[in-house]
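# Architecture and fold: a report
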Amino acid sequence: MDGSPASPDTETIKSLLADGKLLWLDIKGAGPETVALLRDVFDLHPVALRSVGRFGQRPKIEPFGDVVYLVFYGARGMGEHATEVHSFYSERFLITIRRGDGPSGSLDQLRKQMAEDGGPLADMAAGSPRPVRLVLLHDILENEIDTFFPALSDFDDKIDRLQQAMFAKPTDEQLQELFSMQRWLVGVRKMVSPERDMIASLASGIIDLPGKVPESEPYIRELYDHLIRINDLVDSYRDLISNAMSAYLSTVSNRLNQVMKQLTIIATVFLPLSFLTGFFGQNFGWMVSRLGSLGVFLGLGVGTEVVAATGLFILFRRRGWM
């Protein structure tokens, strides 16, 4: 591979394979023509071919003789579908297959870099001891894996803004947003954890990549380190989401307690007033004939109610309820 693009027709692909050059074939969409090409030109295993085009799979790595089949993901932020890439890797070729209805900016950017004087592999094309084939696979995987970092960074900022808004005024929309963020984070964890296990199996030697040499180990360890960091971030954000939900429920509960306390104080104030008005409102002849002057009205009628309300106000202030 020298980083130059070539026509994707069958004859050109066969010619490149016959020349012994490392071929990277990037395919968008996987229809019957793609399956036929992979079967007839690359002679891939039938079991592997059945997985081609079946998007929505769990991240995995499976060896098929001298070809290793990988399924891995990249992030595109909340509310967007993740980038799913299927890859077939061998010493002679590297095939990536992705959805035809969605872009993968990281792979498109890498292809652009490859077209510019060979890109990151230009210094390894002429007899370099570094593993050119695995470096290409490393760059593809790294570009997809590193898309999780900006997505999680935006997620962190969103949590901070949401927490500030909740403490100011909690709403039902904020709780719904928290649940949506939690679902997205669970989806990220379902992608990152298997990918971490995939790279761990490569680093530990459980699965060997074709053409793997001691010089390739640092590249595998770097991928594993990135996935460990992403996994740690996901765990920390899960805790932040749980804490945000607890803070939301506590804030709503405290506000409800304040409202209930205010209503209770109002009901308590009106309790003796209702008793007094009920007592003096009794329609007995003795009371009607004797409690009829303005002084009695102001003293017993209005005065007792004012005294009762003032006494309750002083009591509430001393108890710290107001």
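Residues numbered from 1 in each chain as written. Predicted model: local features only at pLDDT ≥ 70, side-chain atom pairs only at ≥ 80, totals over all residues. Heavy atoms only, no water.

Unlike most non-glycine residues, Asp-43 shows phi in positive territory, near 55°. Here Asp-43 shows up in the loop between α2 (32-40) and α3 (46-51). (Helix = DSSP H or I, 4+ residues; strand = E, 2+ residues; numbered from the N terminus.)

With that settled, consider helix α5 (residues 132-145). Helix length check: α5 (14 residues) gives 20 Å between terminal C-alpha atoms against 20 Å at 1.5 Å per residue, within 8%. Within α5, twelve of the 14 residues are buried, which leaves it mostly tucked inside the rest of the structure. Restricting attention to buried positions, one finds in α5 the residues Val-132, Leu-134, Val-135, Leu-136, Leu-137, His-138, Asp-139, Ile-140, Leu-141, Glu-142, Glu-144 and Ile-145. (Expected span 1.5 Å × (residues − 1). Buried < 20%, exposed > 50% of the residue type's maximum accessible area, 1.4 Å probe, protein only.)

Before going further, it helps to spend a moment on the pattern of salt bridges. As enumerated under the stated definition, the model contains seven salt bridges in all. For Glu-177, the salt bridge identified is with Lys-158, shortest N-O distance 3.5 Å. Here the residue Glu-177 occupies a position in helix α7 (residues 172-203), and Lys-158 occupies one in helix α6 (residues 148-168), the gap between them amounting to 19 residues. Look at Glu-177 and you get partly exposed, because its relative accessible area is 28%. (Salt bridge = Lys/Arg side-chain N within 4 Å of Asp/Glu carboxyl O.)

Of all seven residues making up strand β4 (residues 83-89), seven are buried, and the element is well covered by its neighbours. The alternating pattern of β4 places Thr-83, Val-85, Ser-87 and Tyr-89 and Glu-84, His-86 and Phe-88 on opposite faces, both of which are buried. Taken together, the seven bridges between strand β3 (residues 67-74) and β4 define a ladder with antiparallel strand orientation. What sits directly across from Tyr-69, in β4, is Phe-88. Hairpin connection from β4 to strand β5 (residues 93-98): three residues lie between these consecutive antiparallel strands. (Pairing = 2+ DSSP bridges.)

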